[in-house]
Each structure stands twice: as structure tokens, then as C-alpha cells.
Amino acid sequence: FETPYGIIYSTNITPDPGTGIGSWSLDDFTRAMRQGEGPDGEHLYPVFPYTSFTKISDDDIAALYVYLNTLPPVSYSPPENELDFPYDQRWALGLWKALFFEEGRFEEQPGQSAEWNRGAYLVEGLGHCGECHTPRNFLGALDAEAAFTGASYRTRVEGKLSTWSASNLTAHDSGLAMWSADELEAYLKLGFSDRAGVFGPMNEVVVNSTRHLTSDDVSAMSIFLKNLPANAAEQGSAADEATVRAGSIQYDIHCGTCHLPTGEGSAETGPPVLGSPIVLDADPSSLINITLYGAQLPETAPSKQWQARGWKRMEEYASKLSDEQAAALLSYMRSAWGHEAGAVTPEQVA
């Protein structure tokens, strides 16, 4: 994990007794998952999302423990973390926890349906969706008041380290307002819906995780997400008229054929950009990445779904557009069709 505080390496969780968790008891495992503590009481860095896993039930903790102990043991120790001072001081995490960490199991909301509660448990606990989709403060703690409104982080996709924006998942116009629960369910289960296909960091989420869930569980997650109250980060200033005019020309040349002049897309040509959370993110990083480098489709079912639908893979425009042209194009998309997102600058594209 290449964080603002330095590099943190994930650990070996195979049942190797020397370098993995083979010597851990269920109590050791539970304490790590729920309290962020290792067997010797050492604090774990919250890139391991115990801040979400603390909500997981006894039965699911036990099931995870049993499953992990069926994996082939591998003797391997990752490199030492490369953290700047004072973030390399594990004892200081005790102070961080006192300020920002609240331990406790998921509690069902009596006024909500069984599906909603199941979805909340999966999204907030096991799925830990908010760990990427919620902004953080300067010490890396999640901002509860802005939960699921989107955030930015750096990660590698196809070997390239880039800043990416995780979309607003609330019912705000810049989030999932235009998505139906069925479209969201298809996206999480298939990596593809009438609204969008996966690319970038979401490839790993869908391919390694959500496509393996039962249909009932994906449906429950979709119901919960679709009922999140509308909320959003503050947008930057809108683009000026000259930039929007220049961007509209670039859109007509490069984008209108697939996404249509109305931005609505079509079943035959491509997904809509009208109302797209990627287009309307307060941080346009993911929008810039897909424009410059195209869609990094996974080599599994989702990419085949795109092909069966007739949609083409989003092509790269890094060599076709200057920084100024790309910024104008994206600024146009973020202001057209009633959109009210901030301008994209050439510096952001660069």
C-alpha cells in the first residue's frame, strides 16, 4: 500500500506456523479482525480494515478462520514497512485508535427490512466498501459525516501508479441517483450493467470478490446502497464558456459516436456518461485515467459481457489529446446536460 505516510506491506495469512497465521488461535484471529491487534498485542496498521471488520459476527469470524486454515501453507515474510517518522512507531497507533476507532458488532436497524440490514452488514463490515469510498482526514481516519461520498487514493493498475477516485455511492446527483438497484446488482455481480462496466481498481473488487457472492447478497447490498441519503463533497469552480465550447468540439469528434450527443449512450454503442458518478466525481482522477489510458478490462467474464453487448473497449486518448484538449473535453462533460461538476485543469491531466 503506497500511502501518504510511506509503504505498508500486506502480511502472510496462509497457515504457515512460522511466517503466517498457522500458530494463531481463533481468539488471536478474532482480536486481529475486531481490535487491530496481533497475537503479541502489537497494534496493526489500519490499512488492514479492522475499522470495518470489527462489525463482523462471531459465526463469520469463525468461518473465515476455518477457511484460511485450509489454504496451502507458504513460508514467506514480506519486506519491512517503509514508513516515515512518526508513522513507523506502532505504539502511536494506540493513540490513533483512542481518537478514531470504535469497536463493536453490526447492529440491525429495527425500522429497516431484513434485506436492507443484510446489505448494510455486507457493505459496512465484510465488504468494507467505505474504506475506499469514504474520504479520510489528515491522519488517515474515515470521515463519518461524509461516508460513501467518494475519496481519492493511489494504487497500481497494470503496473502504473496513479491517483484514482472512488465514486460517490450515495443517492446524490453526482452519485448513484440515476442507477436502479437492478443496474447496481448487475454491476457488482457481472462487472457490467446498462450504466457502466468495471475498469481500473474496481476490476479487483468485482473479479476477486463481489461476483462470487450469492444473488441474494448482491441484491441486499444494492438495496442498501440505493437507500443511502444523498450527500456529496464540494465541487470546484465550473469551467469558463470558452473552455466548454472547446471541449464540446472535442466531445463531438471523439466521444459522441459511442456515448451520443445527448450523453445517454445506447445498448449498441456504449454506456451513458450522463449522470455517471465517474464523470461527476469531485476528484476527476478516474475520469482522467480512463480517458488517457482506456478501460483496463479484466480478462474474465466482465470483458466478455462487454463484447457480447457490442460495446467497444474504451480506447486510449493520451496520444490524441493535449493536456489542454483533454481538460476542455472533460470539463465540457462535467458541465453539459445539466451537470454541475467542477472544471478539469490541464495540470490535473498532466
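This text follows the structure it describes.
Residues numbered from 1 in each chain as written. Predicted model: local features only at pLDDT ≥ 70, side-chain atom pairs only at ≥ 80, totals over all residues. Heavy atoms only, no water.

A.B. asks: Give a description of the overall build of the chain that names residues and reports values.
C.D. replies: A tally of regular secondary structure across the chain gives 16 helices and five strands. Here the chain has a C-alpha radius of gyration of 21 Å; the compact-globule value for 350 residues is 20 Å, and the two agree. With the principal axes as the frame, the chain shows a C-alpha extent of 60 × 45 × 40 Å. Sequence-distant contacts, at least 24 apart, represent 64% of the contacts inside the chain between residues at least 6 apart. As presented, the chain carries roughly 17700 Å² of accessible surface, and 54% of it is formed by carbon and sulfur atoms. Between the averaged position of the 22 positive side-chain charges in the chain and that of its 47 negative side-chain charges there is a distance of 4 Å. (Helix = DSSP H or I, 4+ residues; strand = E, 2+ residues; numbered from the N terminus. Rg over C-alpha atoms; globule rule 2.2 N^0.38 Å. Contact = heavy atoms within 4.5 Å. Areas by Shrake-Rupley, 256 points an atom, 1.4 Å probe, with all protein chains shown as cover. Lys, Arg positive; Asp, Glu negative; His and termini not counted. Charge placed at Lys NZ, Arg CZ, Asp CG, Glu CD.)

A.B. asks: Tell me about the state of the cysteines, residues and numbers included.
C.D. replies: Counted according to the given criterion, the structure contains zero disulfides. Between cysteine 255, a free cysteine, and cysteine 258, which holds the nearest cysteine sulfur, the sulfur-to-sulfur gap is 8.7 Å. The class of cysteine 255 is buried, set by a relative accessible area of 11%. (Disulfide = S-S within 2.5 Å. Buried < 20%, exposed > 50% of the residue type's maximum accessible area, 1.4 Å probe, protein only.)

A.B. asks: Can you break down helix H4 (residues 92-100) residue by residue, with the values?
C.D. replies: Looking only at H4, the buried set comprises Leu93, Trp96 and Lys97. The buried side chains of H4 occupy one side of the element, clustering within an arc of 100° when seen end-on. With respect to the buried face of H4, the exposed residues turned more than 90 degrees away are Leu95, Ala98 and Leu99. Residues of H4 that are buried make contact with helix H1 (26-35) and helix H2 (50-53). (Arc of directions from axis to C-beta.)

A.B. asks: Any details on the packing of aromatic side chains? Residues and values, ideally.
C.D. replies: According to the stated counting rule, one finds 14 aromatic pairs in the structure shown. Seen from their ring centres, phenylalanine 148 and phenylalanine 224 are 6.5 Å apart, and the 80° between their planes marks the pair as edge-to-face. In this pair, phenylalanine 148 sits in the loop between helix H6 (130-133) and strand E4 (151-157) while phenylalanine 224 sits in helix H9 (residues 215-226), placing the two residues 76 residues apart along the sequence. Of the two residues examined, phenylalanine 148 and phenylalanine 224, each falls in the buried class. Ring geometry for tyrosine 251 against tryptophan 337: centres 5.4 Å apart, planes inclined by 65°, an arrangement best described as edge-to-face. Separated by 86 residues along the polypeptide, tyrosine 251 in helix H10 (residues 241-254) and tryptophan 337 in the loop between helix H15 (323-333) and helix H16 (346-349) bring together distant segments of the chain. Judged by relative accessible area, which is 0%, tyrosine 251 ranks as buried. Every member of this aromatic cluster is reached through a ring pair, and the members are Phe48, Tyr50, Phe53 and Phe101. (Phe/Tyr/Trp six-rings, centres within 6.5 Å; stacked < 30°, edge-to-face > 60°.)

A.B. asks: Explain the pattern of salt bridges to me, and be specific about the residues and the numbers.
C.D. replies: Under the defined criterion, the tally for this structure stands at 10 salt bridges. For the salt bridge of arginine 156 with glutamate 2, the shortest nitrogen-to-oxygen distance reads 2.7 Å. Linking arginine 156 in strand E4 with glutamate 2 in strand E1 (residues 2-3), this pair joins segments that are 154 residues apart in sequence. Measuring nitrogen to oxygen at the nearest pair gives 3.9 Å for the salt bridge that ties glutamate 241 to arginine 245. Residue glutamate 241 and its partner arginine 245 are both found in helix H10; the two are separated by four residues, about one turn of the helix. Arginine 245 sits in the exposed class, given a relative accessible area of 51%. Salt bridges sharing common partners tie together Asp28, Arg31 and Glu37. (Salt bridge = Lys/Arg side-chain N within 4 Å of Asp/Glu carboxyl O.)

A.B. asks: Any details on the nonpolar core? Residues and values, ideally.
C.D. replies: Across soluble globular proteins, nonpolar side chains have a tendency to be buried as a group. Within the largest apolar cluster, 42 residues are counted, with the highest numbers of intra-cluster contacts made by Phe29, Val123, Phe224 and Leu225. Looking at this core, the elements that each hand over two or more residues are H1, H2, helix H3 (58-68), H4, helix H5 (114-126), helix H7 (181-190) and H9. Not counting residues within four places of it along the chain, the set of residues in contact with valine 123 comprises His128, Cys129, Gly130, Phe148, Met221, Phe224 and Leu225. Judged by nonpolar contacts, the second largest core, of 21 residues, contains Tyr251, Val279, Leu280 and Tyr317. (Core = buried A, V, L, I, M, F, W, Y, C linked by side-chain atoms within 4.5 Å.)

A.B. asks: Report on H5, specifying residues and quantitative values.
C.D. replies: Taking 1.5 Å as the rise per residue, H5 with 13 residues should run 18 Å; its terminal C-alpha atoms sit 17 Å apart, in good agreement. All buried positions along H5 are accounted for by Trp116, Asn117, Gly119, Ala120, Tyr121, Leu122, Val123 and Gly125. Residues of H5 that are buried sit in contact with H2, H3, H6 and H9. Backbone geometry just downstream of H5 places histidine 128 in the positive-phi region, at approximately 40°. (Expected span 1.5 Å × (residues − 1).)

A.B. asks: Give a description of unusual backbone geometry that names residues and reports values.
C.D. replies: In the segment running from phenylalanine 85 into proline 86, the intervening peptide bond is cis, with an omega of 5°. Residue placement: proline 86 occurs in the loop between strand E3 (82-83) and H4. In this model, leucine 260 sits at a positive phi of 70°, which is unusual for a non-glycine residue. Among the structural elements, leucine 260 can be located in the loop between helix H11 (256-259) and helix H12 (277-280). The backbone of tryptophan 337 sits at a positive phi, close to 60°, despite the residue not being glycine.

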